[in-house]
Amino acid sequence: MKKQKLVMIGNGMAGCRTLEELLKLAPDLYDITVFGAEPHGNYNRILLSPVLAGEMTLPEIMLNDLDWYRDNDITLHAGKMVTKIDRIKRKVIAADGTEADYDRLLIATGSTPFIPPIPGADLPGVLAYRDIGDTEAMIAASSQYKHAVVIGAGLLGLEAANGLMLRGMSVTVVHLADWIMERQLDKPAADMLQASLEAKGMNFLLAKQTEALIRGESGRVSAVRLKDGMEIPADLVVVAAGIRPNFAVAESAGIYCGTGRVRGIHVSDTLQTVTDPRVYAVGECVAHRGIAYGLVAPLFEQGKVCANHLANFGIGRYEGSVTSTKLKVTGIDVFSAGDFSGGADTEEIVLHDKQGGVYKRIVIKNNRIVGSVLYGDTADGTWYFQLMKDQQDIHEIRDHLMFGQNHLGDAGHKGENKAASMADTAEVCGCNGVCKGTIVKAIKENGLFTVDEVKKHTKAASSCGSCTGLVEQILASTVGGAYQAVSAHDKAVCGCTELSHGAVRRAIREHKLLNIPDTMETLSWKTPNGCATCRPALNYYLISTWPHEAKDDPQSRFINERAHANIQKDGTYSVVPQMLGGVTTAAELRRIADVADKYAVPTVKVTGGQRIDLLGIKKEDLPNVWKDLGMPSGHAYGKSIRTVKTCVGAEHCRFGTQRSMSMGIDLERMLFGMWSPHKVKLAVSGCPRNCAEAGIKDVGVIGVDSGWELYVAGNGGIKTEVAQFLCKVTTREEVMEYSGAFLQLYREEGYYLERTVHYVERVGLEYVKKHVLDDADKRKALFERLLFALQDAKDPWAERYAKDAAPVLRQQFETLEA
Amino acid sequence: MTTTLSPSHVSSAAVDAGWKTICALEDIPVLGSRVVKSRAGDIAIFRNAEDEVFAMHDKCPHKGGPLSQGIVHGRQVTCPLHSWKIQLDSGEAVAPDVGCTRPFAVKVVDGHVLLQVSA
């Protein structure tokens, strides 16, 4: 079959990202031709500022060099501007006469700088700041001339001013509004930024309008005259008064580009122009649902959806983006989101440390965040933004909202929590020994934009994940405005699908999907049978949503859950028998000792969960070891109930107020065989001395004289999180019902590999209380669903060592001979 | 290094020298594996969803993890220790990881899995 022809007009970041996504999906579908007005490959426009400032060089900011086009058989016409689209003959024509036919056309012409109609704007020495050419002209001017004026104190204007200042020019910034970056910052934050720039030597003239640019004797611009009559000397004027979508070539071809305020190539949710379905458009030239985006993250989202349709996959819609602004302005981090102007019906929480250079303002309306501005320390911007998007009720966390979420683990990075202050040689990832410099280098050299890409290339944050927060910070500050954090909320499960965990869970429930192949078919999975990330997630969602109906697929479980033992680094396994509540008997201990002797077990260890671990067992020996132990599986290997740790309690302890051992045993017995999104650990203490350390468990139960206190969503691992008080109950039955209902809620709604602490953080404790405390019917229904799911739970070990065990259960423990 | 990797479903009943019958195709679970003890060390044989069969040294090029215990998807297996992805047909690690484990020739004849083990 003859290949179809795809032509792209514009060779910038959004367009090339679309091509990259397309080549991933359908590498051989099209003959691709690209026209770019600039004589280069695709480069990272956001990094022009470091180039201007002399911190980076042009080769360093190339995203796709000329080799990339060659390697992918893309015809590149660099330096040829398309001036005409003939939609009838389906071809595009460039200024120099070059023509290209298309079956499908992608317009990605980006934006052009807006030059206000000021007399003298066409003089030599007057520039916009948009591309490599402008940057080179500024660098050239800086070596020759002294005085620069920048008109406009938005991000680009300030970056230009800073770069020119670093190159030795004396710079004055003229701005129309009362404070700088008024779209992104409120006045206090803007004042701090201005003060820090003034301290470096930058001059500001605010609330001033430019009247004319004056021509000097040489014919070059020589001064800027303001409306109030003031004149400032200027050998170089940079106009940074905003950008406008560049849709001229599209509009002249009769493609609808709007009128009035909403201008831009009008596209549908599939990124097809509303005028001509053969013509697609992405990037800054586009108006989608009345919005033209200027940040990279939404443009990449558009590119992804567009590529999907170009590849004839036909799924995925771009439904618009809620954006936040996270920028690095001349080395200072600023963040803003939502409506931060405030008003009569809003409240504010403000932290303002002028000397320390930190300002944080959160605007709240009806217990929900509606806007936020951060200056100097933006690490929590992502969190505030997520809370805002989710409309989460924040009154429970109001008292510590300002101090941030800090998604960092507690160990492995010497307590560092701010990437900016770390040296290049400082270790970020303590699991894989990756330091900051390595990460920064990988981000720049490989053009990485997401945490997942950084994980893949550097291995940082790819093991325990405790340093993910730091890696995110490094990424955000290295790629600047191109970075937008993807929350677990909408993040795709893995590369096999566009769908998020939440969407997959919903679909499995709504369509009553009962096995993995049907699920993948219904949800148009991109790979034939998924991958090691999505299959275990799907398997869990199926069996937890449809207990006793959905088919459990052992091949979609991680080896530990398939072999019912923990794989060790040398390929042997460890065996942890169940020991309810950490209580054992002489007979059990004797059997464990006998097994250790018989199989020459190299290591016998007491676990953190009050059990005994036999390490170094060969896989072939597992069934016999289990049989000889004569104890059920402790599920120490699963995303499942692990243990219920107990203290001695009122049974023996002179301080004990409640019988914690038997409570723990009852709970652990009830939860036997419970699979969950991640591991689940419980503890029961018999008095508030809390010797069982119930405060860092998924469910912690603490006996008091008058009953039991229940705590949920604690965590003792990567990040120590103290469990939150849920409620106090009186009877043992209530302990079972309330904890069971909470765990079932988590089982039904948690995302795979999301611990209870993160689940509760995502939905809010208020939400949990609403389901588990406030509504007795809901609670009882949850509890019943849990008990139903756990009905007839079998000991997986006994099933496998049984004499009449089916071959499929035994097979994996038997080796073959060659 | 062995490079001939015959596709499965070879209908010819001719059994060349060096080929050894290991088990029935049905003895390997779909999207699963079995371990074969041989003079050359442990060999993992995999079966994917298309009933293609692959064999390679049961050692991940990264830290020697037993690939037989990994999750099989498409024509790849993900190592159970540190999630490297290994290409089943070549034994090569999937980029950006770099490394290779030794593949062995394997084929299916009349529903039987045959492996070529050179000493």
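Fair warning: this is a prediction, and the values are worked out from it, not measured in the lab. (Residues numbered from 1 in each chain as written. Chains lettered and ligands numbered in written order. Predicted model: local features only at pLDDT ≥ 70, side-chain atom pairs only at ≥ 80, totals over all residues.)

### Brief notes about the overall build of chain B
Stage number 1. Helix and strand counts for chain B come out as 0 helices and 9 strands.
Stage number 2. Secondary structure elements of chain B occur, N-terminal to C-terminal, as β-β-β-β-β-β-β-β-β.
Stage number 3. The buried share of chain B, reckoned over its 119 residues, is 45%. (Helix = DSSP H or I, 4+ residues; strand = E, 2+ residues; numbered from the N terminus. Buried ≥ 20, exposed ≤ 12 C-beta atoms within 10 Å, placed from the backbone.)

### Things to note about the overall build of chain A
Stage number 1. Scanning chain A from terminus to terminus reveals 26 helices and 39 strands.
Stage number 2. For a compact globule of 818 residues, the expected C-alpha radius of gyration is about 28 Å, and chain A comes in at 31 Å, within 12% of that figure.
Stage number 3. For chain A, the C-alpha atoms occupy an extent of roughly 105 × 65 × 50 Å along the three principal directions.
Stage number 4. A total of 818 residues make up chain A; the buried ones form 47% of that total.
Stage number 5. For chain A, restricting intrachain contacts to residue pairs at least 6 apart in sequence, the fraction spanning at least 24 positions comes to 62%. (Rg over C-alpha atoms; globule rule 2.2 N^0.38 Å. Contact = placed C-beta atoms within 7 Å.)

### As for helix α6 (residues 187-200) of chain A
Residues and elements named next belong to chain A.
Stage number 1. Given a rise of 1.5 Å per residue, 14 residues ought to cover 20 Å, and the 20 Å separating the end C-alpha atoms of α6 matches this to within 8%.
Stage number 2. Within α6, burial applies to Ala-189, Ala-190, Met-192, Leu-193, Gln-194 and Leu-197.
Stage number 3. If you follow the buried residues of α6, they end up packed against β14 (203-205), β23 (324-329), β24 (332-338), β26 (358-365) and β27 (368-375).
Stage number 4. Positioned one or two residues after α6, Gly-201 has a phi angle of 115°, which is positive. (Expected span 1.5 Å × (residues − 1).)

### Focus on the UniProt feature "domain: FAD/NAD(P)-binding" (unreviewed entry) in chain A
Stage number 1. Feature annotation in UniProt places "domain: FAD/NAD(P)-binding" (unreviewed entry) on residues 5-288 of chain A, given in this structure's numbering.
Stage number 2. Helix makes up 24% of residues 5-288 of chain A and strand 31%, whereas the separation of the span's terminal C-alpha atoms amounts to 25 Å. (UniProt positions renumbered as here; feature names shortened; annotations may be inferred.)

### A closer look at the sheet that holds strand β6 (residues 76-78) of chain B
Residues and elements named next belong to chain B.
Stage number 1. One open sheet accounts for 3 strands, arranged β5-β6-β7; its pairing is antiparallel. The open sheet has two free edges, formed respectively by β5 (71-73) and β7 (85-87), since each of these has just one partner strand. Averaged over all adjacent pairs, the angle separating strand axes in this sheet is 25°, with direction ignored.
Stage number 2. As paired elements, β6 and β7 share 3 bridges and run antiparallel to each other. Paired with Val-77 across the two strands is Ile-86, which belongs to β7. (Pairing = 2+ DSSP bridges. Axes fitted to C-alpha atoms, helices over the stretch in contact; angles between N-to-C directions.)

### Details of the domain arrangement of chain A
Stage number 1. The assigned domain composition of chain A is domain 1 (4-110 + 245-310), domain 2 (126-241), domain 3 (324-401), domain 4 (419-482), domain 5 (501-557) and domain 6 (639-794).
Stage number 2. The straight-line distance from the C-alpha centre of domain 2 of chain A to that of domain 6 of chain A is 61 Å. (Domains from an automatic or database assignment.)

### Side note on the interface of chain A and chain B
Stage number 1. Each partner contributes residues to the interface: chain A has 20 residues there, and chain B has 28 residues.
Stage number 2. Looking at side-chain class alone, the side of chain A that touches chain B contains 8 nonpolar, 8 polar and 4 charged residues.
Stage number 3. Of the pairings in the sheet, the one linking strand β39 (residues 816-817) of chain A to strand β2 (residues 32-38) of chain B comprises 2 bridges and is parallel in character. Residue pairing in the sheet places Leu-816 of chain A in a bridge with Val-36 of chain B of β2 of chain B. (Nonpolar A, V, L, I, M, F, W, Y, C, P; charged D, E, K, R; others polar.)

### Digging into the UniProt feature "domain: Nitrite/sulphite reductase 4Fe-4S" (unreviewed entry) in chain A
Stage number 1. Per the UniProt record, "domain: Nitrite/sulphite reductase 4Fe-4S" (unreviewed entry) is annotated on residues 638-777 of chain A.
Stage number 2. Regarding residues 638-777 of chain A, the helix share stands at 35% and the strand share at 21%, and the terminal C-alpha atoms are separated by 31 Å.

### Section: the pairing of strand β1 (residues 4-9) of chain A
Residues and elements named next belong to chain A.
Stage number 1. For β1 and strand β2 (residues 30-36), the ladder comprises 6 bridges, and the chain directions are parallel. By the bridge assignment, Ile-9 is partnered in β2 with Phe-35.
Stage number 2. By the bridge criterion, 4 bridges tie β1 to strand β9 (residues 104-107) in an arrangement that is parallel. Following the sheet pairing, Ile-9 is matched in β9 by Ile-107.

### A closer look at the packing of helix α14 (residues 501-510) of chain A against helix α16 (residues 534-545) of chain A
All names here are of chain A.
Stage number 1. Here α14 crosses α16 at 40°, and the two axes come no closer than 10 Å. What the angle tells us is that α14 and α16 run oblique. The way α14 lies across α16 gives a crossing that is right-handed. The segment α14 lies against α16, with His-501, Val-504, Arg-505, Ile-508 and Arg-509 engaging Ala-537, Tyr-541, Leu-542 and Thr-545.
Stage number 2. Taken together, the residues that form the contact of α14 with α16 break down as 5 nonpolar, 2 polar and 2 charged. (Parallel < 35°, antiparallel > 145°, perpendicular 65-115°, else oblique. Left-handed = near helix turned anticlockwise from the far one by under 90°.)

### Considering unusual backbone geometry
Stage number 1. A cis amide bond links Ala-95 of chain B to the next residue, Pro-96 of chain B, at an omega of 5°.
Stage number 2. Along the chain, Pro-96 of chain B turns up in the loop between β7 and β8 (103-109).
Stage number 3. Unusually for a residue other than glycine, Asn-690 of chain A sits at a positive phi of about 55°.
Stage number 4. Position of Asn-690 of chain A among the secondary structure elements: in the loop between β35 (680-685) and β36 (699-704).
Stage number 5. You can call Asn-690 of chain A partly exposed: it has 18 C-beta atoms within 10 Å.
Stage number 6. A positive phi is found at Leu-753 of chain A, a non-glycine position, where the angle reads about 70°.
Stage number 7. Among the structural elements, Leu-753 of chain A can be located in the loop between α21 (732-749) and α22 (756-763).

### What to know about the environment of Lys-639 of chain A
Residue and element names in this part refer to chain A.
Stage number 1. Looking at where Lys-639 falls in the secondary structure, it is placed in the loop between α19 (622-629) and β34 (641-646).
Stage number 2. For Lys-639, a count of 21 C-beta atoms within 10 Å translates into the label buried.
Stage number 3. Lys-639 sits 79 residues away from Asn-560 along the chain, and the two C-alpha atoms are 9.5 Å apart.

### Quick look at the confidence of the model for chain B
All names here are of chain B.
Stage number 1. On average, chain B scores 87 in pLDDT, and the residues at 70 or more come to 84%.
Stage number 2. In this model residues 1-15 is a low-confidence stretch, pLDDT under 50, and it forms 23 contacts with partners more than four residues away in sequence or in other chains.
Stage number 3. Our summary of model confidence lists the complex with pTM equal to 0.76 and ipTM equal to 0.88. (pLDDT = per-residue confidence, 0-100.)

### Comments concerning the nonpolar core
Stage number 1. If you look at the biggest cluster of nonpolar residues, it comprises 137 residues, and the most contacted ones within it are Leu-193, Val-237, Val-238, Ile-265, Ala-281 and Val-471 of chain A.
Stage number 2. If one sorts the elements of this core by residue count, helix α8 (residues 296-310) of chain A sits on top with 8 residues.
Stage number 3. Those residues in contact with Leu-193 of chain A that lie beyond four places of it in its chain are Ile-180, Met-181, Leu-185, Val-329, Ile-332, Val-334 and Tyr-375 of chain A.
Stage number 4. Membership of the second largest hydrophobic core comes to 92 residues, among which are Trp-675 and Ala-694 of chain A together with Ile-43 and Trp-84 of chain B. (Core = buried A, V, L, I, M, F, W, Y, C linked by C-beta atoms within 7 Å.)

### Some points on the pairing of β9 of chain A
Stage number 1. Both β9 of chain A and strand β21 (residues 279-281) of chain A contribute to a ladder of 3 bridges, which runs parallel. Paired with Leu-105 of chain A across the strands is Val-279 of chain A, a residue of β21 of chain A.

### Examining the packing of α21 of chain A against helix α23 (residues 765-774) of chain A
Residues and elements named next belong to chain A.
Stage number 1. Close contact between α21 and α23 brings their axes to 10 Å; oriented N to C, the two are set at 135°. Here α21 lies oblique to α23, going by the angle between them. Our pair here, α21 against α23, has a crossing hand that is right-handed. The segment α21 lies against α23, with Tyr-738, Ala-741, Phe-742 and Leu-745 engaging Val-768, His-771 and Val-772.
Stage number 2. Here the contact of α21 with α23 is built from residues that sort into 6 nonpolar, 1 polar and no charged.

### Section: the environment of Asn-566 of chain A
Residues and elements named next belong to chain A.
Stage number 1. Structurally, Asn-566 is set in strand β30 (residues 566-567).
Stage number 2. Taking the C-alpha atoms as reference, Asn-566 lies 9.4 Å from His-635; in sequence the two are 69 residues apart.
Stage number 3. The residues touching Asn-566, leaving out its near neighbours within four places in the chain, are Asn-560, Tyr-573, Ser-574, Ala-636 and Tyr-637.

### Examining the sheet that holds strand β8 (residues 99-101) of chain A
All names here are of chain A.
Stage number 1. Strand order in the open sheet made by the 3 strands is β6-β7-β8, with antiparallel pairing throughout. Every interior strand has two partners, whereas the edge strands, β6 (82-86) and β8, have only one. Averaged over all pairs of adjacent strands, the angle between strand axes in this sheet comes to 20°, irrespective of strand direction.

### What about α14 of chain A?
Every α-helix carries 3.6 residues per turn, so stepping three or four residues along brings you back to the same face.
Residue and element names in this part refer to chain A.
Stage number 1. Taken as a whole, α14 has its buried residues at His-501, Val-504, Arg-505 and Ile-508. Seen from one end, α14 has its buried residues packed into an arc of 100°, which puts them on one side.
Stage number 2. Against the buried residues of α14 lie α15 (516-522) and α16.
Stage number 3. Positive phi appears at Lys-512, one or two residues downstream of α14, with a value of about 45°. (Arc of directions from axis to C-beta.)

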